[in-house]
Amino acid sequence: MVVSHESDTPPDYHRQRWLRELCEYPDQLRLRGSVVPDIFPLVILTTVYAYAIAHAYENGYENIAISNSVIPALSVVLGLLLAFRANTSYARYYEGRQLWETLQSNARNLARLVWLSIPERSQTDHLEKMRCMKLILAFAVATKHQLRHEFGVDYYDLDYLLPPHWIPAATADDNAKARSASHHLAEAFFNVDKDNKRRRKSMHGDRVTDEVNRRLTTTPPDASASSSTASSTSAAELAVGTSSNEGLPAPVTHKHHHLRRSSSSSSSTSSTESSVKDAGETSHPHVNFVSEEDLPDEAMQANMSLPLEILFRMSLYMAQAQNVKKIDGIFSSTIISHLNALNDCLAGLERLQDTPIPKAYNIHLKQSLWLYLLVMPFTIVSELGWWLVPTVVITSFILYGIDSIGAQIEECFGYEGNCLPLNQFCDSIRKEIEFIVHHVPCELVI
């Protein structure tokens, strides 16, 4: 066999690539994405200042010129300051991209594990799994908004991903709402769904065999009522979006609609109790233990981290799945490791956002830059004359540009042209999760 060491034959379109690059708009003339709009006023101001010095020198004020021996020392110091600023800013930019890459990777792995490894034996199982898949995407979107100091949940790309009637502590207005959110978060995932055999067959048909139905519906007499009520509460509290988005039958949604209302309304509570009694179910209240050593509830008044609340909610779902033997301990540890990795990414991103370059350094850099540009015209006006003006224009454009680039990439989570495209990152996760949900079967049918 003869191995050819010649290069691969390029395709036809490759020969014309140089022509396409020649026809593109050159980067040297681009304004969009550059720092020219930001530094243009400063360059104009410095140019006017240089013009005034050149005009004064040409009109007889030759004594304003000073020795040129000062500029070399200032140039070295200023160059070191600008280099440190640019390198430090890009290091923050690159670390932010690495953290987002780690967040995306863990979100993909977590979505794959949840979708393929947690079994579905009822409509509620599918619904809870779908809510967890949406919460994975909600974590990335909520992280994006938090890094941009956009608090709350009223955003087009976040609101529909969260369970309805769930009031996160990050958006709670008072103690009542905050405690209600904490109560809903605590009880949402601790309930076990064990519905009756007739409802499972009506929803799934032959999907669940009689043997599986018999195993799932066989409960002790004193536990059947509490498990039925618990499944209703779980299905209500964890809902993400409307029933049409989840593919739920309309009767199921309307039957449990009263369970999703606020506990502060007495009429809603009485309606819930009567509906439960009519269905032959009894409620199993959730007991909240308190003691004198409990921490105060003042923290709920602050802006709680919404991504962290979403992680809590997903952790509760995994704990529930392990309690009802849907997953084993080894798989639960794998899931927890991915959730911990998401928490580490969130902590790293918050560190970058909350720890900017020290303000004293930025102030000193700008002051040094201004002093340099103020002194430089006096040292070269005697040699250049009117050519001082274009020289100062070029010098100020370069120096102001380097400083402005460092300032833009230092805050890499905003909306500037040189910031990280967080919307694209979140949209990529959304498309991947939607592909898994719609095109990847959760169970292999042989």
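Residues numbered from 1 in each chain as written. Predicted model: local features only at pLDDT ≥ 70, side-chain atom pairs only at ≥ 80, totals over all residues. Heavy atoms only, no water.

(A) Representation of the overall build of the protein chain within the structure. Summing up its helical and strand segments, the protein chain has 17 helices and 0 strands in all. With 446 residues in all, the protein chain has 41% of them scored as buried. At a minimum sequence separation of 6, the contacts of the protein chain that also span at least 24 residues come to 80%. (Helix = DSSP H or I, 4+ residues; strand = E, 2+ residues; numbered from the N terminus. Buried < 20%, exposed > 50% of the residue type's maximum accessible area, 1.4 Å probe, protein only. Contact = heavy atoms within 4.5 Å.)

(B) Region of interest: the packing of helix α4 (residues 70-117) against helix α5 (residues 123-147). Interhelical geometry of α4 versus α5 gives an angle of 170° and a closest axis separation of 10 Å. In terms of their interaxial angle, α4 and α5 are classed as roughly antiparallel. Side by side, α4 and α5 meet where W100, L103, A107, L110, A111, V114 and W115 of the first sit next to H126, K129, M130, C132, M133, I136, F139, A140, T143, K144 and L147 of the second. (Axes fitted to C-alpha atoms, helices over the stretch in contact; angles between N-to-C directions. Parallel < 35°, antiparallel > 145°, perpendicular 65-115°, else oblique.)

(C) Molecular detail of the packing of aromatic side chains. Considering all chains together, one arrives at 7 aromatic pairs under this definition. Taking 6.4 Å as the distance between ring centres and 75° as the angle between the ring planes, the aromatic pair formed by Y49 and F378 counts as edge-to-face. With Y49 in helix α3 (residues 36-58) and F378 in helix α15 (residues 359-384), the pair connects residues that are 329 residues apart, well separated along the chain. Overall, Y49 belongs to the partly exposed group, its relative accessible area being 27%. Consider the rings of Y90 and Y93, whose centres lie 6.1 Å apart with planes at 20°: the pair is stacked. (Phe/Tyr/Trp six-rings, centres within 6.5 Å; stacked < 30°, edge-to-face > 60°.)

(D) Quick peek at the pattern of salt bridges. Considering all chains together, one arrives at 11 salt bridges under this definition. A salt bridge links R85 to E410; the nearest nitrogen and oxygen atoms lie 3.2 Å apart. With R85 in helix α4 and E410 in helix α16 (residues 388-410), this pair connects stretches of sequence that are 325 residues apart. Here R85 and E410 have matching classes, each one buried. Measuring nitrogen to oxygen at the nearest pair gives 3.1 Å for the salt bridge that ties E434 to R430. Here E434 pairs with R430, and both are found in helix α17 (residues 422-439), just 4 residues apart, close to one helical turn. By relative accessible area, R430 is classed as partly exposed at 23%. Overlapping salt bridges, with partners in common, bring together R85, K366, D403 and E410 in one network. (Salt bridge = Lys/Arg side-chain N within 4 Å of Asp/Glu carboxyl O.)

(E) Seen up close, the environment of G414. Mapped onto the elements, G414 comes out in the loop between α16 and α17. Leave out the neighbours within four places in its chain, and G414 touches R148, C419 and L420.

(F) The arrangement of the nonpolar core in detail. With 54 residues, the main nonpolar core has W100, L103, I310, M314 and F413 as its most contacted residues. When residues of this core are traced back to their parent elements, those giving at least two are α4, α5, α13 (306-323), α14 (329-354) and α17. It is α5 that provides the largest number of residues to this core, a total of 12 residues. Dropping the residues within four chain positions of it, F413 is found in contact with G96, W100, L147, R148, L349, L352, Q353, C419, L420 and L422. (Core = buried A, V, L, I, M, F, W, Y, C linked by side-chain atoms within 4.5 Å.)

(G) Fine view of α5. Here α5 is 25 residues long and its end C-alpha atoms lie 36 Å apart, about the 36 Å a rise of 1.5 Å per residue gives. Counting buried positions along α5 gives 25 out of 25 residues, so the element sits mostly inside the fold. One or two residues past the end of α5 sits H149, with phi positive at roughly 60°. (Expected span 1.5 Å × (residues − 1).)

(H) A look at a nonpolar patch on the surface. Nonpolar side chains collect at one region of the surface, where L42, L45, W370, L371 and L374 lie side by side and expose about 420 Å² of accessible area between them. With respect to the helices, strands and loops of the structure, L45 is situated in helix α3. With relative accessibility at 48%, the residue L45 sits in the partly exposed group. (Patch = residues over 30% accessible without salt bridge, like charges linked within 9 Å, V, L, I, M, F, W, Y side chains within 5 Å. Areas by Shrake-Rupley, 256 points an atom, 1.4 Å probe, with all protein chains shown as cover.)

(I) Region of interest: the environment of I380. By the secondary structure assignment, I380 is in helix α15. Sequence spacing of I380 and A65 is 315 residues, and the spatial spacing of their C-alpha atoms is 7.5 Å. Beyond its immediate chain neighbours, meaning those up to four positions away, I380 contacts N68, G385, L388 and T391.

(J) Focus on unusual backbone geometry. The residue H149 is not glycine, and still its phi comes out positive at about 60°. Summarising the element assignment, H149 is placed in the loop between α5 and α6 (175-187). Since its relative accessible area comes to 49%, H149 is described here as partly exposed. One non-glycine residue, K325, lies in the positive phi region at around 65°. Residue K325 is classed as exposed on the basis of its relative accessible area of 72%.

All quantities given are derived from atomic positions and should not be read as evidence of function.
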